[in-house]
Amino acid sequence: MNAATIMTTNVATTECDKTVAEAMRILRDERIRQLPIVDKNNKVIGLLTSRKLLYLTLPRYISEGLLKDVKFAPDLPQFHQRCSELAHKDVCEVMDTDFKKIGPGVSIMEVATIFVSAEKPVECILVVDNQDRLLGIISPWDIFKRLCEYTEKK
Amino acid sequence: MLTAIIVFLAVYIILIVDKFNRAVVSLLGASLVILLGVLDQGKAVAGIDFNTIGLLIGMMIIVAVCQKTGMFQYVAIKSVKIVHGEPWRILVMLGCVTAIISALLDNVTTALLVAPLTILMAEEMQIDPYPFLFVEILMANIGGTATLIGDPPNIMIGSAANLSFMDFVKNLGPIVLIVMAATFAPIYALYGKQLKVDSHVRERVMQFNEREALQDIPLLKKCFFIFTLVIVGFLFQHRIHLEAATIAIFGAAILLLITGEDINSTLEKLEWTTIFFFAGLFIVVRGLDETGVITILAQRLMEATSGNIAITTMAILWVSAISSALTGSIPVTATMIPLVKEIGIQMGGGRDTLLPIWWALSLGACFGGSGTIIASAANVVVAGIAGKAGHHFRFIEFMKLAFPMMLLSIVLSTIYLYLRYL
């Protein structure tokens, strides 16, 4: 089994010039958690992740790990302000460009390894062809979903 | 002889240019000293002052564990609430807390603990954190001057001249307090009036809950116990005939044993760059020393001052202050130490004759570290944290205020040294 056999192929995407609010609507309506951002040729240029959005709403001295615990402090006014400002921004301003992408032929053990050994948590892996055009998306559960089907068939 | 001088100057120039990691530069310099035959490896390794390295490592381990308890944040928040969130008083309180913590820990750790908290507080009050951070940089350098472990130059000087924790406190404590007081005056003139906030903003600061900053109470108790033990060890250092490195490493080992902290993750937190920077620098300077250049320099200096201890002391104070501000206090101190030792040999007389010069070197190197944003590690760290928070420190803007204030502290030191020792 390889990436192509376990990936979800019908992937909702959005484009660079859409606002975060529009992207959120897609996430809600499609009941998904990740939204790849593609250009006109279906080439992946970024990924909208909850982690990156949270990262952007926090002051950098917190998101960079200099203040690991803020239990002692009340909420910052600027945190709330940034949260609400986020809605009007274009997705390309806030997308994660440091996402994981693989070719369709990659083995599922390698896919599992990427999820486990990445330096920062990986929410999903994008499957692309050799011109970076989106083919599908893999979440950690996809590995096991296909494994179940496989064992049931046996 | 020429080889050693060239390597030394090259290392210095590359450090000033600041394009490459300083540890890499110093290790490269150290390797060249051996490869080019200035020293053999045995002599080079003997040039490393393991008392300095041991004390640095020991304290870094203790601090790495203690930091996790949140005890320093607790003190900082508590101090802010004592003054009811009034910004100018917060500035003074945080300045004093920074000075005290910096005297007991290294400056970099102090900066890492206090600066993010300060920015959070300033943002909570919606005022500019710059004056707060500026004062904290100065206070980290000034406070660190008061003790053996407060600032790396003192660790080196204490080791070279066999001076104890208490020697530093007794001799440099008074001038440190004077310079602290003198530092707040111009800051008040510049920023005092601007620092006003409404009472509902002050309320926000009063909502900070310092108890929540404390993380792990059992760990806190162990850390507090060992930290106190180590400081007491330093206080009686001469009476128990132990080097500072032994006390620090012993404390660190006991702390690791009783807390069961993961050794790998603790050791990862150590500032290895600084440690290797020191080791390499010691070798480069030993190479220079071996060639006799430093002896010649010392002779020239003695001729110029005609052996007058007062003039020599002032020369060391001012030269080390200005050069520390421009190149950083650690390389300056490493180079000055063999020079001062050589002066001691040429002057004759006992250890006591040389003491004013050691104090001059410490005051010059530590206070000089405030002069520019690159002069000491604490400055670089605070500027880095501020930059990440979107409050950028500009080299010139910082220097416009910091350099004159550094000169003020050196003028005060000149008067102090003259009145007390000369």
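Conventions used here
- Residues numbered from 1 in each chain as written.
- Chains lettered and ligands numbered in written order.
- Predicted model: local features only at pLDDT ≥ 70, side-chain atom pairs only at ≥ 80, totals over all residues.
- Heavy atoms only, no water.
- Helix = DSSP H or I, 4+ residues; strand = E, 2+ residues; numbered from the N terminus.
- Buried < 20%, exposed > 50% of the residue type's maximum accessible area, 1.4 Å probe, protein only.
- Contact = heavy atoms within 4.5 Å.
- Areas by Shrake-Rupley, 256 points an atom, 1.4 Å probe, with all protein chains shown as cover.
- Pairing = 2+ DSSP bridges.
- Axes fitted to C-alpha atoms, helices over the stretch in contact; angles between N-to-C directions.
- Patch = residues over 30% accessible without salt bridge, like charges linked within 9 Å, V, L, I, M, F, W, Y side chains within 5 Å.
- Salt bridge = Lys/Arg side-chain N within 4 Å of Asp/Glu carboxyl O.
- Buried area = accessible area lost by both parts, 1.4 Å probe.
- Polar contact = N/O pair within 3.5 Å; in protein donor to acceptor, adjacent residues only side chain to side chain.
- Nonpolar A, V, L, I, M, F, W, Y, C, P; charged D, E, K, R; others polar.
- Phe/Tyr/Trp six-rings, centres within 6.5 Å; stacked < 30°, edge-to-face > 60°.
- 1 Å grid on protein atoms, 1.4 Å probe; cavity = no way out; pocket = protein on both sides within 12 Å on 5 of 7 lines; lining within 4 Å.
- Points joined across faces, edges and corners; volume = space filled by probe spheres on them.

A. A look at the overall build of chain A. Looking only at helices and strands, chain A has eight helices and six strands in total. Moving toward the C terminus, one meets the helices and strands of chain A in the order α-β-α-β-β-α-α-α-α-β-α-β-β-α. The C-alpha extent of chain A, read off along each of the three principal axes, is 55 × 35 × 25 Å. Within chain A, buried positions represent 36% of all 154 residues. Expressed as a percentage of contacts within chain A between residues at least 6 apart in sequence, the contacts between residues at least 24 apart total 63%. Accessible surface computed for chain A: about 9300 Å², of which carbon and sulfur atoms make up 52%.

B. Examining the sheet that holds strand β4 (residues 100-102) of chain A more closely. Residues and elements named next belong to chain A. Strand order across the open sheet formed by three strands is β4-β5-β6, with mixed pairing between neighbours. Sheet topology places β4 and β6 (134-138) at the edges, where each strand pairs with a single neighbour. In this sheet, neighbouring strand axes are inclined to one another by 30° on average, regardless of whether the strands run parallel or antiparallel. With three bridges joining them, β4 and strand β5 (residues 125-128) adopt parallel strand pairing. Each residue of the ladder has a partner; that of Ile-102, found in β5, is Val-127.

C. Structural detail: a nonpolar patch on the surface. On the surface, Val-232, Leu-235, Phe-236, Ile-240 and Leu-242 of chain B cluster together into a nonpolar patch covering about 380 Å² of accessible area. Leu-242 of chain B gets classed as partly exposed once you look at its relative accessible area, which sits at 37%.

D. Structural detail: the interface of chain B and chain A. With 19 residues of chain B at the interface, the matching set in chain A holds 16 residues. Between chain B and chain A, a total of about 1700 Å² is buried, with carbon and sulfur atoms accounting for 64% of that surface. One can count one salt bridge joining chain B with chain A. With a closest N to O distance of 3.7 Å, Lys-388 of chain B and Glu-64 of chain A form a salt bridge. Viewed at the interface, chain A and chain B are joined by five residue pairs in polar contact (both at pLDDT 80 or more). Broken down by secondary-structure element, the contributors of at least two residues to the side of chain B that touches chain A are α7 (107-124) and α20 (377-388) of chain B. Here the element with the most residues in the side of chain B that touches chain A is α7 of chain B; it accounts for seven residues. A breakdown of the residues in the side of chain B that touches chain A according to their chemical character gives 10 nonpolar, four polar and five charged.

E. Examining the environment of Leu-242 of chain B more closely. Positionally, Leu-242 of chain B belongs in the loop between α12 (217-235) and α13 (244-259). Leave out the neighbours within four places in its chain, and Leu-242 of chain B touches Gln-237 and Ile-247 of chain B.

F. Inspection of the sheet that holds strand β3 (residues 44-48) of chain A at higher detail. Residue and element names in this part refer to chain A. Spatial strand order, β1-β2-β3: three strands in an open sheet with mixed pairing. Two strands bound the open sheet, and with one partner strand each, they are β1 (14-15) and β3. One ladder, built from two bridges, connects β1 with strand β2 (residues 35-38); its direction is parallel. Across the sheet, residue Thr-14 finds its bridge partner in β2, namely Ile-37.

G. Local environment of the side chain of Gln-237 of chain B. Residues and elements named next belong to chain B. Examined against the element boundaries, Gln-237 turns out to sit in the loop between α12 and α13. By relative accessible area, Gln-237 is classed as buried at 3%. Once residues within four sequence positions are removed from consideration, Gln-237 is found in contact with Leu-148, Ser-164, Phe-165, Leu-242, Glu-243, Ala-244 and Ile-247.

H. The pairing of β3 of chain A, seen in detail. Residues and elements named next belong to chain A. When you tally the buried positions in β3, you get four out of five residues, the bulk of the element. Bridging between β2 and β3 involves four bridges; their strand directions are antiparallel. The partner of Ile-37 across the bridge, within β3, is Gly-46. A loop of five residues connects β2 with β3, the two strands running antiparallel in sequence, and Asn-42 in this loop sits at a positive phi of about 65°.

I. Looking closely at the packing of aromatic side chains. All names here are of chain B. Scanning the model with the defined rule gives 13 aromatic pairs over all chains in all. With a centroid separation of 5.0 Å and 40° between ring planes, the pair formed by Phe-8 and Tyr-12 is classed as tilted. Taken together, the positions of Phe-8 and Tyr-12, both in helix α1 (residues 2-17) and four residues apart, correspond to about one turn of that helix. Both residues of the pair, Phe-8 and Tyr-12, belong to the buried class. Both rings, one in Phe-165 and one in Phe-234, keep their centres 5.6 Å apart while their planes meet at 10°; by these two values the pair is stacked. A residue pair is termed long-range when its members are at least 10 positions apart, and Phe-165 in helix α10 (residues 165-192) and Phe-234 in helix α12 qualify at 69 residues. We classify Phe-234 as buried; its relative accessible area is 0%. Through pairs of rings, three or more aromatic residues link up here, namely Tyr-130, Phe-134, Phe-393 and Phe-398.

J. Layout of empty space enclosed by the protein. Residues and elements named next belong to chain B. Under the definition given, this model contains four cavities of 30 Å³ or more. Within this model, the largest cavity holds a volume of roughly 70 Å³. If you trace the largest cavity, you find it lined by Leu-55, Leu-56, Met-59, Met-60, Leu-104, Leu-105, Asp-106, Ile-149 and Ile-155. Here the lining of the largest cavity takes four residues from helix α4 (residues 50-67), the largest share from any one element. The residue makeup of the lining of the largest cavity, split by class, is eight nonpolar, no polar and one charged. Along the walls of the second largest cavity sit Leu-138, Ile-142, Val-179, Thr-183, Phe-367, Ser-370, Met-405, Met-406 and Ser-409, which together make up its complete lining. Looking at the lining of the second largest cavity, the elements with two or more residues in it are α8 (130-144), α10 and α21 (395-421). The element that contributes the greatest number of residues to the lining of the second largest cavity is α21, accounting for three residues. Tallied by class, residues from the lining of the second largest cavity come to six nonpolar, three polar and no charged.

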